[in-house]
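Below, each chain spelled out in residue letters.
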Amino acid sequence: LGRMKPVIVVHGGAGRIFREREEGCRAGVVRAALRGYALLKEGGSAVDAVEEAVRSMEDDPHFNAGCGSVLNEKGEVEMDAIIMDGKNLDSGAVSAVKCIANPIKLARLVMEKTKHMLLTDHGAHQFAQAMGIPEIPGEKLITERSRERWKKNLEPDSNPEEFQKDLGTVGAVAIDSEGNVACATSTGGLSNKMIGRVGDTACIGSGGYADNHSGATSTTGHGESIMKVVLARLILYHMEQGMSPEVAADAALDYMKTRVGGLGGVIVVNKAGEWAARFSTKQMSWATVKDDDLHYGIYAGEKHIKSVDEALASEREGF
């Protein structure tokens with residue numbers, strides 16, 4: 001068997017990325033892609049790579065996941081995350097978790113250490129304690145920006161929908177040298193959401209899906225719309241019908257838009273290692289590494305290409 005060339009694709013969320021945050025978002029997705037790719041190059045698994053890439057973005061306050069997550073109606077951070085292994089369709093997810101830095105790590109533990117796929121709220125919290133995951137004060141996850149936005153949304157004449165445009169779920173998909181695929185997605189959800197609201201991210205087939213027989217995908221955008229069309233699984237279905245990753249992604253996003261008026265973005269890799277990053281929103285930060293070339297962008301039609309060595313050098317000098 002010829003070994004696969006590893007590929008990783010990451011996204012930092014679809015929506016509207018404000019000018020002053022563009023550089024940080026670009027740098028964040030590039031860093032995440034390079035970290036995941038470094039693992040793949042050493043022969044690491046797709047699951048390890050997507051977890052590492054997502055963890056990198058959870059720790060980056062530019063994104064709505066981990067530190068930097070948006071606040072619910074009560075001003076708290078409640079996070080959702082999912083990870084899936086395309087080899088045997090194993091998956092782990094957590095929803096409405098508080099006070100941990102990296103929900104994606106907990107999702108992976110759910111996948112590997114329990115017979116279940118999704119743990120929520122208090123049960124997820126107890127499981128985290130049992131697994132020795134350090135608890136951190138909820139305030140540590142809250143940025144000045146998230147608190148400002150939360151306050152603005154509480155004003156009687158505010159329109160939280162206006163702010164939802166800047167969503168920022170994070171995700172990654174990869175194929176490793178063995179030809180196994182995986183996906184991971186993590187989010188703080190919707191700003192000023194109802195307590196206990198769970199979006200698409202924690203739901204298998206909506207927030208992400210990975211199957212060695214077709215490929216892997218991670219989604220971002222309006223969660224309720226994504227759930228209505230089971231977006232991640234829909235893309236893989238299209239690829240099973242013979243569509244390329246790009247055509248499959250566009251067809252599914254187009255269906256979501258015409259059928260339920262929902263906007264979003266997706267990253268895809270198929271079992272042959274072909275990839276796509278597509279979105280129906282104004283922007284989506286994304287980055288890919290394949291064949292030692294880094295591709296990245298934010299706007300439709302925008303695509304920068306650098307060699308990995310060049311990117312790692314500028315990474316060391318500070319983006």
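Scoring rules and cut-offs
Residues numbered from 1 in each chain as written. Predicted model: local features only at pLDDT ≥ 70, side-chain atom pairs only at ≥ 80, totals over all residues. Heavy atoms only, no water. Phe/Tyr/Trp six-rings, centres within 6.5 Å; stacked < 30°, edge-to-face > 60°. Helix = DSSP H or I, 4+ residues; strand = E, 2+ residues; numbered from the N terminus. Buried < 20%, exposed > 50% of the residue type's maximum accessible area, 1.4 Å probe, protein only. UniProt positions renumbered as here; feature names shortened; annotations may be inferred. Contact = heavy atoms within 4.5 Å. Arc of directions from axis to C-beta. Polar contact = N/O pair within 3.5 Å; in protein donor to acceptor, adjacent residues only side chain to side chain.

Q: What am I meant to see in the packing of aromatic side chains here?
A: Note on aromatic pairs: each is described by the distance of the centres and the angle between the planes. Per the stated rule, a full pass over the model turns up 1 aromatic pair. When the ring of W275 is compared with that of W286, the centres are 5.6 Å apart and the planes differ by 40°; the resulting orientation is tilted. Residue W275 is located in strand β10 (residues 275-279), and its partner W286 is located in strand β11 (residues 283-290); the two are separated by 11 residues in the primary sequence. Accessibility assignment for this pair places W275 and W286 in one class, buried.

Q: Even after reading the chapter, I still don't get the UniProt feature "active site" (unreviewed entry) in the protein chain, so can you show me in this structure?
A: Feature annotation in UniProt assigns "active site" (unreviewed entry) to the following positions: T169. Within the secondary structure layout, T169 lies in the loop between α6 (160-163) and β5 (170-175). Excluding its chain neighbours within four sequence positions, the residues that come into contact with T169 are H11, G12, G13, N64, T185, S186, T187, T201, T219 and T220.

Q: Help me understand helix α4 (residues 121-130) in this model?
A: An α-helix turns once every 3.6 residues. As a result, residues three or four positions apart point the same way. Every buried residue of α4 is accounted for by A124, F127 and A128. When α4 is viewed along its axis, its buried side chains cluster within an angular range of 105° and face the same direction. Of the residues in α4, the exposed ones pointing more than 90 degrees away from the buried face are H122 and A130. Those residues of α4 hidden inside the fold are in contact with β3 (90-97), α3 (103-113) and β4 (118-120).

Q: Quick question: what am I supposed to make of the environment of T219 here?
A: Of note, T219 is situated in strand β8 (residues 215-221). For the pair formed by T219 and R278, sequence separation is 59 residues and the distance between their alpha carbons is 9.9 Å. In this structure, T219 is in contact with H11, T169, T185, D200, S206, G207, I226, L231, A232, G265 and V266, ignoring residues within four places of it in sequence. Of note is the side chain of T219, whose polar atom sits 3.2 Å from the side chain of D200.

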